[in-house]
Each structure stands twice: as structure tokens, then as C-alpha cells.
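An overview of the molecular structure
Chain by chain, the residues run as shown.
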Amino acid sequence: QVQLVESGGGSVQAGGSLRLSCAVSGTIFSISDMAWYRQAPGKQRELVAGIPPDGSTNYADSVKGRFTISRDNAKRTVYLQMTSLKPEDTGVYYCKLSNSLRSYPSWGQGTQVTVSS
């Protein structure tokens, strides 16, 4: 059974930083596409950043230059370093896993990030 466990959320003031972690078990992490999504109240879930097995990265325009996604295959963990946080970054952040061994993606339970002005 695949499990994704997020941690690191919290409340910060604008301009602050947080680092989210997503620990994976139950599948082969090194071959998995990993991504972070977020969902603000009343809005659709949106892609924040992604990192495929080759370590390349992609970001939503709204977070480029402020957020950094990374992965540690030995620890089976993906990270999202968030800096210069803005109130509009507020939402529940979810980790997503996809790989060729599974017919559908897996999601974590989400971690709340709240940025106050």
C-alpha cells in the first residue's frame, strides 16, 4: 500500500519561509514522478512544482524564483522549500506520486500553510 505523509506546514508571516516534506512508502520512489499541489479555499487544486525521476524541475509561474522542489531517493522523500511567502500562497499543500507500477496517482493527506500579511 502506497503511503505519502506530508509534514512541515504551519503559519508564517509574509516574507517568511517553510520547508515541506513528503515521505513515501509502499512503492519504488526512485522511478516515481513527484509533485506538490496546493488548494486554496474555494479554488481548484493547482500544480505548484514537479520533479520527475531524472531530477529536472518545473514550477508554476506564481512560485518561480521563490520555491524549490527537490528529492532524496535514499530517504524516499520529496521536499518543497518555500521562501518569500505571500498571503496568496495560503492553502493546503498536497504531495502527489505517479509511476508506471500504478494505474492511478497517489496523494498525501495534505498539510496546511497559512501566510499572514
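As shown above, the structure is provided for reference.
Residues numbered from 1 in each chain as written. Predicted model: local features only at pLDDT ≥ 70, side-chain atom pairs only at ≥ 80, totals over all residues. Heavy atoms only, no water.

Observations concerning the nonpolar core
In plain terms, the rule: For this analysis, a nonpolar core means a set of buried residues of the types Ala, Val, Leu, Ile, Met, Phe, Trp, Tyr and Cys, connected via side-chain atoms within 4.5 Å. A simple rule labels every residue: compare its accessible area, found with a 1.4 Å probe on the protein chains alone, to the largest value its type can have, and call it buried under 20%, exposed over 50%, or partly exposed in between. Helix numbers and strand numbers start at the N terminus; a helix is a DSSP run of H or I with at least 4 residues, a strand a run of E with at least 2. For this analysis, residues touch if any pair of their heavy atoms sits within 4.5 Å.
Core analysis: the biggest nonpolar cluster contains 25 residues, and Met34, Trp36, Val78, Leu80, Met82 and Tyr93 have the highest contact counts within it. When residues of this core are traced back to their parent elements, those giving at least two are strand E3 (18–25), strand E4 (33–39), strand E5 (46–51), strand E7 (67–72), strand E8 (77–82), strand E9 (91–98) and strand E11 (111–116). In this view, Met82 contacts Gly16, Ser17, Leu18, Leu20, Arg66, Phe67, Tyr93 and Val113; residues no more than four positions away in its chain are not counted.

A look at unusual backbone geometry
Among all residues except glycine, the phi angle is most often negative; among peptide bonds, the trans geometry is most common. Phi at Arg76 is positive, roughly 55°, even though this residue is not glycine. By the element assignment, Arg76 lies in the loop between E7 and E8.

Re the environment of Ser25
With respect to the secondary-structure elements, Ser25 resides in strand E3. Through-space distance from the C-alpha of Ser25 to that of Gln109 is 14 Å; in sequence the pair is 84 residues apart. With residues near it in sequence (within four places) discarded, Ser25 still touches Gln1, Val2, Gln3 and Arg76.

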